[in-house]
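Next come the chains, spelled out residue by residue.
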Amino acid sequence: MTFADTKPTWRSVALLVLLAPLLYAFLLSFPEIRLVDEAIAAAYTDEMVSVGRWWKTHLYGMPVPGFPLYSWLAALCSGFRLPNVVTLRLPALLSLLGIALASGLFARKVQSLQAGLVSAMVVLTTYASYCVGWRAQIETVVGLLLSCAWYLVYTQGWQKNRWWLAWSVSFALVFVASLGVGCKAFLIFYLPFCFLWKEFSFFEKMQSPAHCVPLGAFVVVTAVWLLLVPGQPYIPWNEHAYYGPSQNVVTYASHLAKMLPYLLLYLMPWTLFAWAPFCLALQRFETDSAACRYLRTIVTVNFVFFWFIPGGSPLHLLPVLGPMAVLIGVYSEIVFRRYSDFWGKVLRISGWLGVLASVLACLFYLCVLADVIQMPTYPMEWVGTSLFLSLAMLVILFTQVLFHRGRGSVYSCLLWSIVAWWVLSVVCWQMPKAWYESDRRMHGLTLAGHAPKELLKFENNSMPLMESQKPIEELLKDTKRIVYLYLPDKARVPDVLVENFYLRTRIRLVTDPQTELPVRRPVIYVLGPREPPVPQRDWIPMTPRVDFKERHSIAREWHSPFEAWEGTQPLMAIKVTTQENTRSEMRLYKGVLNTVAPIPPQTQK
């Protein structure tokens, strides 16, 4: 495969600008929100919006140590209302787009427009961005802030000698980032400068007032913040303060062995380009050698630090995705020109593999439409959409990647190939996964009275929708829109964070209902495993029992080809079945104040 041009065409630029945000937007609302990071951020945001406690993070009325930055952004994107799944994840997606824009502009400034376009393409199309770029977690936001800080130090400080502006704005961005991850933001930003004193004379520059004064101001402002808002986490960044440390214990030897392979995987499909910026033979082709050395130091120092520090993970290196993308963009034209035959073979192999995957996906969904393969609860509109997208990707791979006849650009072929694989992964993986892995969302929607019918038809499902059940917002019209969460054991709170997100209302945790529930309010609603022991109220079940521990899995049943040919049985039946788990049932109760039992003299809440 040969290429007529090694420069990006206008079609590839338009595809990058228009299609990438659409692909990410599709993923915003499709999967259910994830436990720990997304669920805790949602709970913090609900508390901030409902009660107005913006400085100290609270969880169901209890003050807990936590980072408030992402919750502030989620509240802003939600219009200072309770966030939904899209507005909760929107800050992460906007931050990823911001990293692509900032990296593209920086690469254009130090190299060329072509390098800028490739840098933006790298940020938007890596496997890491596809996995976590749209998730409601703070690392993407921190990546944008630190990338902008690094770029400002070089462009405004080193190039234009505006060190006061460079250090002041950079430390301001680092302080904002520290509100999301603590001191990790300062370490990631500042540690590489300790290894730049030889090339850039940073040792002398760090002794200047332009550096010392902003650094001192950063320390003072951070100390004032920690004093004014006590209980804020700052040093331990590897755990959520309330949820506790991860239960998955990884040995240090296992961490050292897995770190590099994981990084190479998350950098796909640009892993084959990662070696070029560190090759001494290619460094003589650099247009701006100082910028490349600067970015190489940032990437190398942070990689070595998180590789050898216990508890480091590839997610901690997400902030250096921007500098790495700039390096790949700077070296992309050199690599494509010197190894054009190799990249032609790679794209041809990738194209034929994509064609094979598209054909298999088309055959599978055609069998579903023909009832040769039965998926009883799979939405038929998803089948039609998947079949159309698979056929579209088949045509695109043939016309834009495999048989362009030398008229295409290598960037266009590469981008079309990446987009085809991306769409195929949504068709073949994300949509089926959202079909059978929506347990937590199903539980929450069932309690809220909004469970879709297709989510209630699972085989052996123990949660049929009650005919008398009404949406929870109608039930709460006569109350203060508060649902009390009755859990005798506080440690179980994280187990219900995701489900409670879909209730879309204020939640307060109570462990002693006799003293913590309102005494004289006529009607209250309590979510719990059993009726609260409060005799002054009549408790009416409002929802079916929901087993929060219940999980579903895929079961495949193969039948004889002769039976399938005769039409008596399908060739294969794919069903969603319930796994055997420890039961942990919850139900929404309506508590109506009665006049039989005397009301104790307690303070109304």
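The paragraphs below set out a description of the structure included in this document. From a predicted model like this one, the values you see are computed outputs, not experimental measurements. (Residues numbered from 1 in each chain as written. Predicted model: local features only at pLDDT ≥ 70, side-chain atom pairs only at ≥ 80, totals over all residues. Heavy atoms only, no water.)

### Comments concerning the overall build of the chain
And step 1. Check the secondary structure of the chain and you find 23 helices and 11 strands.
And step 2. For the chain, the share of sequence-separated contacts (at least 6 apart) that also reach a separation of at least 24 residues comes to 76%.
And step 3. Taken as a whole, the chain presents about 27100 Å² of accessible surface, with 64% of it coming from carbon and sulfur. (Helix = DSSP H or I, 4+ residues; strand = E, 2+ residues; numbered from the N terminus. Contact = heavy atoms within 4.5 Å. Areas by Shrake-Rupley, 256 points an atom, 1.4 Å probe, with all protein chains shown as cover.)

### Describing the pattern of salt bridges
And step 1. Under the defined criterion, the tally for this structure stands at seven salt bridges.
And step 2. Linking Arg-135 and Glu-38 is a salt bridge whose minimum nitrogen-to-oxygen distance equals 3.1 Å. One end of the pair, Arg-135, is in the loop between helix H6 (127-132) and helix H7 (138-159); the other, Glu-38, is in helix H2 (residues 37-51), with 97 residues separating them in the sequence. Neither residue differs from the other here; Arg-135 and Glu-38 are each classed as buried.
And step 3. Between Glu-499 and Arg-440 there is a salt bridge, with its nearest N and O atoms 3.5 Å apart. Of the two residues, Glu-499 is situated in helix H21 (residues 497-501) and Arg-440 in helix H19 (residues 439-448); the sequence distance between them amounts to 59 residues. (Salt bridge = Lys/Arg side-chain N within 4 Å of Asp/Glu carboxyl O. Buried < 20%, exposed > 50% of the residue type's maximum accessible area, 1.4 Å probe, protein only.)

### A few points about unusual backbone geometry
And step 1. A cis amide bond, omega 0°, links Met-268 with the succeeding residue Pro-269.
And step 2. With respect to the secondary-structure elements, Pro-269 resides in the loop between helix H13 (252-266) and helix H14 (289-308).
And step 3. In this structure, Phe-80 takes a positive phi of about 60° despite not being glycine.
And step 4. Topologically, Phe-80 is positioned in the loop between helix H3 (69-77) and helix H4 (85-110).
And step 5. At Asn-161, a residue that is not glycine, the phi angle is positive and equals roughly 60°.
And step 6. Under the relative-accessibility criterion, Asn-161 is labelled exposed at 56%.

### With respect to the packing of aromatic side chains
Any two aromatic rings considered together are summarised by their centre-to-centre distance and by the angle between their planes.
And step 1. Inspection of the entire model under this criterion finds 32 aromatic pairs.
And step 2. Consider the rings of Trp-167 and Phe-193, whose centres lie 5.4 Å apart with planes at 65°: the pair is edge-to-face. On the criterion of sequence distance, the pair formed by Trp-167 in helix H8 (residues 163-181) and Phe-193 in the loop between helix H9 (184-190) and helix H10 (197-200) is long-range, its members being 26 residues apart. Both residues of the pair, Trp-167 and Phe-193, count as buried.
And step 3. Ring plane angle 15° and centroid distance 5.3 Å describe the contact between Phe-186 and Phe-218, whose orientation is recorded as stacked. (Phe/Tyr/Trp six-rings, centres within 6.5 Å; stacked < 30°, edge-to-face > 60°.)

### Examining a nonpolar patch on the surface
And step 1. Together, Ile-349, Leu-353, Leu-356, Val-359, Leu-360, Leu-363, Leu-366, Leu-369, Met-380 and Trp-421 give the surface a local cluster of nonpolar side chains, amounting to about 930 Å² of exposed area.
And step 2. Along the polypeptide, Leu-366 turns up in helix H16 (residues 340-369). (Patch = residues over 30% accessible without salt bridge, like charges linked within 9 Å, V, L, I, M, F, W, Y side chains within 5 Å.)

### Concerning H2
And step 1. Spanning 15 residues, H2 covers 21 Å between terminal C-alpha atoms, matching the ideal 21 Å at 1.5 Å per step.
And step 2. Extensive coverage of H2 is indicated by the burial of 13 of its 15 residues. (Expected span 1.5 Å × (residues − 1).)

### Concerning the pairing of strand E11 (residues 585-593)
And step 1. Where strand E6 (residues 523-528) meets E11, six bridges bridge the pair, whose relative direction is antiparallel. When the sheet's bridge partners are listed, Val-523 is paired in E11 with Val-592.
And step 2. In this sheet, E11 lies alongside strand E8 (residues 546-547) in antiparallel orientation, the contact comprising two bridges. Across the sheet, residue Asp-547 finds its bridge partner in E11, namely Glu-585. (Pairing = 2+ DSSP bridges.)

### Considerations on the side chain of Ser-386
And step 1. If you trace the backbone, Ser-386 turns up in helix H17 (residues 380-402).
And step 2. On the basis of relative accessible area, Ser-386 is assigned to the buried category, the value being 0%.
And step 3. Here the side chain of Ser-386 touches Trp-382 through a polar contact of 2.8 Å, landing on its backbone oxygen.
And step 4. Setting aside anything within four residues of it in sequence, one finds Ser-386 in contact with Tyr-365, Tyr-378, Val-427 and Met-431. (Polar contact = N/O pair within 3.5 Å; in protein donor to acceptor, adjacent residues only side chain to side chain.)

### Some details on the layout of surface pockets
And step 1. The calculated volume of the second largest pocket comes to roughly 670 Å³.
And step 2. Around the second largest pocket, the lining is made up of 24 residues, and of these Met-268, Pro-269, Ser-350, Ile-418 and Trp-421 lie nearest the centre.
And step 3. Mapped onto the lining of the second largest pocket, the elements with two or more residues apiece are H6, H16 and helix H18 (410-436).
And step 4. No other element matches H18, which puts seven residues into the lining of the second largest pocket.
And step 5. Each residue belonging to the lining of the second largest pocket can be placed in one class, and the counts come to 18 nonpolar, six polar and no charged. (1 Å grid on protein atoms, 1.4 Å probe; cavity = no way out; pocket = protein on both sides within 12 Å on 5 of 7 lines; lining within 4 Å. Points joined across faces, edges and corners; volume = space filled by probe spheres on them. Nonpolar A, V, L, I, M, F, W, Y, C, P; charged D, E, K, R; others polar.)

### Describing the packing of H7 against H8
And step 1. Where H7 contacts H8, the two axes come as close as 8 Å, and the packing angle between them is 170°. Relative to H8, the element H7 lies roughly antiparallel. In this structure, H7 contributes Ile-138, Val-142, Leu-145, Leu-146, Cys-148, Ala-149, Leu-152, Val-153, Gln-156, Gly-157 and Trp-158 to the contact, and H8 contributes Trp-163, Leu-165, Ala-166, Trp-167, Val-169, Ser-170, Leu-173, Val-174, Val-176, Ala-177, Gly-180 and Val-181.
And step 2. Tallied by class, residues from the contact of H7 with H8 come to 19 nonpolar, four polar and no charged. (Axes fitted to C-alpha atoms, helices over the stretch in contact; angles between N-to-C directions. Parallel < 35°, antiparallel > 145°, perpendicular 65-115°, else oblique.)

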